[in-house]
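Okay, here's what each chain looks like letter by letter:
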Amino acid sequence: RVSESQLKDQLVNPLVPILIGYCFTYLGEFHRAIGNLDSNWRIAKERSNATMAMSLRVILGTVLILINREKEASVHIDAAVKEAKEKNNAFALYLARGALALKLMKSGQIIKAHELLTKTFEEASTSGFVRQYSSPWILEMLFEFERLGLDPIPDLSFHQAMDKTIKENNIHLHGVA
């Protein structure tokens, strides 16, 4: 595997499995994203890398939401949320709540999605996270919130997010913007 270092079972960059999963997703290669994320999730579990396993599981669930496989997505996301709470993993919980907001949005529960995403971003900033996302569905959700006249998420209106996106170097978000 290209991302593995010469040391046994170590990655040169531990984010590689996550980034590859996202790249396949953004390119619409959902079957490859699912295969990659599922495989790396199982490897992380096998190697007792709980933090990586939780994050990969949430992202796998998110991809399943995007292709309308909510039942399978719920299994992964619910388990990851439970484990993230047990292990006090704020990052996995942040990812999971974003996925849950997406799920609510796709099921027509837009106000609940708005409330959850607002709460998620507020808690993330109090935890010291720099508000960051690379997922185009966040921009799409912000647009929908604004279109429906909902209050902007504090410090993250759709227009603020668009301005930031245009000025940054994330090519996938440029395409969405």
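The rules behind these values
Residues numbered from 1 in each chain as written. Predicted model: local features only at pLDDT ≥ 70, side-chain atom pairs only at ≥ 80, totals over all residues. Heavy atoms only, no water. Helix = DSSP H or I, 4+ residues; strand = E, 2+ residues; numbered from the N terminus. Polar contact = N/O pair within 3.5 Å; in protein donor to acceptor, adjacent residues only side chain to side chain. Contact = heavy atoms within 4.5 Å. Axes fitted to C-alpha atoms, helices over the stretch in contact; angles between N-to-C directions. Parallel < 35°, antiparallel > 145°, perpendicular 65-115°, else oblique. Left-handed = near helix turned anticlockwise from the far one by under 90°. Nonpolar A, V, L, I, M, F, W, Y, C, P; charged D, E, K, R; others polar. Salt bridge = Lys/Arg side-chain N within 4 Å of Asp/Glu carboxyl O. Buried < 20%, exposed > 50% of the residue type's maximum accessible area, 1.4 Å probe, protein only. Core = buried A, V, L, I, M, F, W, Y, C linked by side-chain atoms within 4.5 Å.

### Regarding the side chain of R97
With respect to the helices and strands, the residue R97 is situated in helix α5 (residues 90–106). A polar atom in the side chain of R97 sits 2.2 Å from the side chain of E123. In this view, R97 contacts K85, L116, T120 and E123; residues no more than four positions away in its chain are not counted.

### Considerations on the packing of helix α2 (residues 30–46) against helix α3 (residues 50–66)
Where α2 meets α3, the closest approach of the two axes is 9 Å, and the angle between their N-to-C directions is 160 degrees. Relative to α3, the element α2 is oriented roughly antiparallel. Considering the relative orientation of α2 and α3, their crossing is left-handed. Residues F30, A33, I34, L37, D38, N40, W41, A44 and K45 of α2 form the contact with α3, whose own contacting residues are M52, A53, L56, R57, I59, L60, V63, L64 and L66. Residue classes in the contact of α2 with α3 are distributed as 14 nonpolar, one polar and three charged.

### Topic: the pattern of salt bridges
Tallying each qualifying case throughout the model produces seven salt bridges. Linked through salt bridges whose partners overlap, the residues forming this network are R97, K119 and E123.

### Examining the environment of E70
Structurally, E70 can be placed in helix α4 (residues 70–86). Since its relative accessible area comes to 30%, E70 is described here as partly exposed. When the C-alpha positions of E70 and K103 are compared, they lie 7.6 Å apart, and in sequence the two are 33 residues distant. Apart from residues no more than four positions distant in its own chain, E70 is found in contact with L64 and I65.

### What about the environment of H159?
Relative to the elements of secondary structure, H159 occurs in helix α8 (residues 158–167). As for H159 and F143, which are separated by 16 residues in sequence, their C-alpha atoms are 8.5 Å apart. A distance of 2.9 Å separates a polar atom in the side chain of H159 from a polar atom in the side chain of E146.

### Structural notes on the nonpolar core
In terms of nonpolar packing, the biggest core is built from 51 residues, with L117, L142 and F145 touching the most fellow members. Of all elements in the fold, only α1 (16–26), α2, α3, α4, α5, α6 (110–126), α7 (136–147) and α8 reach the threshold of two or more residues within this core.

### So, the packing of α3 against α4
Packing of α3 against α4 brings their axes to within 8 Å, and their N-to-C directions diverge by 155 degrees. What the angle tells us is that α3 and α4 run roughly antiparallel. Crossing angle aside, the handedness with which α3 passes α4 is left-handed. In this structure, α3 contributes A50, M54, R57, V58, L60, G61, T62, L64 and I65 to the contact, and α4 contributes E70, E72, A73, V75, H76, I77, A79, A80, E83 and A84. Across the contact of α3 with α4, the residue classes break down as 12 nonpolar, three polar and four charged.

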